[in-house]
Amino acid sequence: MKTTPFTDIHIGLGAKMHEFAGYNMPIEYSGIIDEHLTVCNGAGVFDVSHMGEFWVKGPNALAFIQQVTSNDASKLTPGKAQYTCFPNEEGGIVDDLLVYYYEPEKYMLVVNAANIEKDWNWCVSHNSVGAELENASDNMAQLAIQGPKATEILQRLTPVDLSAIPYYSFTTGEFAGCDRVIISNTGYTGAGGFELYFYPEDGRKIWEAIFAAGAPEGIKPVGLGARDTLRLEMGFCLYGNDLDDTTSPIEAGLGWITKFADGKDFTARAILEKQKAEGVSRKLCAFELIDKGVPRHGYEIVDAEGNVIGTVTSGTMSPLMKKGIGLGYVAAAFARPGTEVYIRVRNRSLKAVVVKAPFRK
């Protein structure tokens, strides 16, 4: 298994480790519920160094991004980031990702760890405009410091004014005595905070500085288990569960990142434009269980008569709400908030209601 600059630290702290996307990653330390609540109420640190980073450079960098992604990157200005996806030829999703406009003729794409090779091959094979591509995934590490106390803690370690970095914006500066750290006001938890990108050799120094600075606030390391429950309470999609090569961004409720701007001829534009105009037969919805139980990936969603109308893609017991919550694709007629549906759990049909995400307000 691959390692990150922090793998030995995780093991030394007694984290429960498991393979994820080819990496030996921490799943939990003090427990998923404790770590989840720490991020909601204080600050937690996630090792997300397994994520992939590609540089796109040169005079045709923007043309390439416009061609392979669904969102309109021409709206970005330097220092801004954008959520988007790579559509495939059938209108499915190769991956969802972030685009960072680093400087004129230079962008960074941040892709999911499990899809690094797949996404790289996709980008290379669809680079018809001659953009300069560089896979920097092995030369970059990343930590996400999330929670309502994260900004206060991190401000002690940098001369950069963090309050001047709006949501989905970033800057490059000194952090914990390390140069050229990308400080990004983004995250996957809905709890606020920053994501830091830096050279792997600076990893231990940055880790130790963050935990020293955050000690008064009780900052804790957080594993991938709580990362999943946190993103689910916000209704954020997870590739491989809620998104894949067969789900379109229109079906997934991501029409807001699918832009049909003049001159933006991206992969599967005609298919997705038709879906947006005519509607789709299934939609991703959020639901809460009314009956007691825990929905899981793959469980059937049925109507009152027991007819299968969809499938759960993500589900958990919400640590904050103390009830079962989930996401799933259902026939479009059942996707409206307030609609009663049932989750089939071991031959029982548990009542649920479709709601508007996020679950955690």
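Quick note: structure is the one above.
Residues numbered from 1 in each chain as written. Predicted model: local features only at pLDDT ≥ 70, side-chain atom pairs only at ≥ 80, totals over all residues. Heavy atoms only, no water.

1. Quick word on the layout of surface pockets
So, point 1. Its boundaries defined by the atoms lining it, the second largest pocket holds a volume of some 230 Å³.
So, point 2. Lining the second largest pocket we find 13 residues, and of these Trp-55, Met-140, Arg-180, Ile-182 and Tyr-199 sit closest to its centre.
So, point 3. Listing elements by their share of the lining of the second largest pocket, those giving two or more residues are strand E11 (178-184) and strand E12 (193-198).
So, point 4. Residues of the lining of the second largest pocket, tallied by class, amount to 8 nonpolar, 2 polar and 3 charged. (1 Å grid on protein atoms, 1.4 Å probe; cavity = no way out; pocket = protein on both sides within 12 Å on 5 of 7 lines; lining within 4 Å. Points joined across faces, edges and corners; volume = space filled by probe spheres on them. Helix = DSSP H or I, 4+ residues; strand = E, 2+ residues; numbered from the N terminus. Nonpolar A, V, L, I, M, F, W, Y, C, P; charged D, E, K, R; others polar.)

2. Brief notes about the packing of helix H2 (residues 32-41) against helix H7 (residues 224-233)
So, point 1. At their nearest, the axes of H2 and H7 sit 8 Å apart, and the two run at 55° to each other. What the angle tells us is that H2 and H7 run oblique. Note on packing geometry: the crossing formed by H2 with H7 is right-handed. Taken together, the residues of H7 that come into contact with H2 (itself represented by Ile-32, Glu-35, His-36, Val-39 and Cys-40) are Gly-225, Ala-226, Thr-229, Leu-230 and Glu-233.
So, point 2. Of the residues that constitute the contact of H2 with H7, the class distribution is 5 nonpolar, 3 polar and 2 charged. (Axes fitted to C-alpha atoms, helices over the stretch in contact; angles between N-to-C directions. Parallel < 35°, antiparallel > 145°, perpendicular 65-115°, else oblique. Left-handed = near helix turned anticlockwise from the far one by under 90°. Contact = heavy atoms within 4.5 Å.)

3. Digging into unusual backbone geometry
So, point 1. Ala-357 connects to Pro-358 through a cis peptide bond whose omega is 5°.
So, point 2. A positive phi is found at Ala-176, a non-glycine position, where the angle reads about 55°.
So, point 3. Examined against the element boundaries, Ala-176 turns out to sit in the loop between strand E10 (170-175) and E11.
So, point 4. Judged by relative accessible area, which is 13%, Ala-176 ranks as buried.
So, point 5. Despite not being glycine, Asn-347 shows a phi value in the positive range, around 70°.
So, point 6. For Asn-347, the location among the structural elements is in the loop between strand E18 (340-345) and strand E19 (348-355). (Buried < 20%, exposed > 50% of the residue type's maximum accessible area, 1.4 Å probe, protein only.)

4. Brief notes about the sheet that holds strand E15 (residues 300-302)
So, point 1. Spatially, 6 strands are ordered E14-E17-E16-E15-E18-E19 in a closed barrel, and the strand pairing comes out antiparallel. Averaged over all adjacent pairs, the angle separating strand axes in this sheet is 45°, with direction ignored.
So, point 2. The sheet contact formed by E18 and E19 spans 6 bridges and is antiparallel. The residue bridging Arg-344 from the neighbouring strand is Ser-349, located in E19.
So, point 3. Sheet contacts for H7: strand E16 (308-317) and strand E17 (324-331); angle to E16, the most-contacted strand, approximately 125°. (Pairing = 2+ DSSP bridges.)

5. Overview of the nonpolar core
So, point 1. Counting 39 residues, the largest nonpolar core has Phe-46, Tyr-100, Met-108, Val-110, Tyr-197 and Leu-243 as its most contacted members.
So, point 2. Of all the elements in the fold, those that place two or more residues in this core are H2, strand E5 (81-87), strand E6 (93-103), strand E7 (106-111), H7, strand E14 (282-289), E17 and E19.
So, point 3. If we skip the residues at most four places from it in the chain, Val-110 touches Met-51, Gly-52, Glu-53, Leu-97, Leu-98, Tyr-100 and Tyr-197.
So, point 4. Ranked by size, the runner-up nonpolar core spans 31 residues in total, among them Val-45, Leu-157, Ala-176 and Cys-178. (Core = buried A, V, L, I, M, F, W, Y, C linked by side-chain atoms within 4.5 Å.)

6. Observations concerning the pairing of E18
So, point 1. Direction of pairing for E15 relative to E18: antiparallel, over a ladder of 2 bridges. Paired with Ile-301 across the bridge in E18 is Ile-343.
So, point 2. Hairpin connection of E18 to E19: 2 residues between the antiparallel strands, including Arg-346 at a positive phi of 45°.

7. A few points about the packing of aromatic side chains
Geometrically, a pair of aromatic rings is defined through the distance of the ring centres and the angle of the planes.
So, point 1. Inspection of the entire model under this criterion finds 13 aromatic pairs.
So, point 2. Ring geometry for Phe-6 against Phe-198: centres 6.3 Å apart, planes inclined by 80°, an arrangement best described as edge-to-face. Residue Phe-6 is found in the segment before helix H1 (7-12), and its partner Phe-198 is found in strand E12; the two are separated by 192 residues along the sequence.
So, point 3. Here Tyr-100 and Phe-170 contribute two aromatic rings whose centre-to-centre distance is 5.0 Å and whose plane-to-plane angle is 70°, an arrangement assigned as edge-to-face. Taken together, the residues Tyr-100 in strand E6 and Phe-170 in strand E10 connect sequence positions 70 residues apart. (Phe/Tyr/Trp six-rings, centres within 6.5 Å; stacked < 30°, edge-to-face > 60°.)

8. Considering the sheet that holds E5
Adjacent strands of a sheet form backbone hydrogen bonds with each other and so pair up, either parallel or antiparallel.
So, point 1. Taken together, the 5 strands give an open sheet; going across it, the order is E5-E6-E7-E4-E8, and neighbouring strands pair in antiparallel fashion. Looking at strand neighbours, the two that pair on one side only are E5 and strand E8 (132-135), the edges of this open sheet. Taking the axes of each pair of neighbouring strands and ignoring which way they run, one obtains an average angle of 30° across the sheet.
So, point 2. Helix-sheet contacts for helix H4 (residues 116-125) involve strand E4 (52-57), E5, E6, E7 and E8, and the interaxial angle to E8 is about 170°.

Bear in mind that shape data such as this cannot, by itself, settle questions of function.
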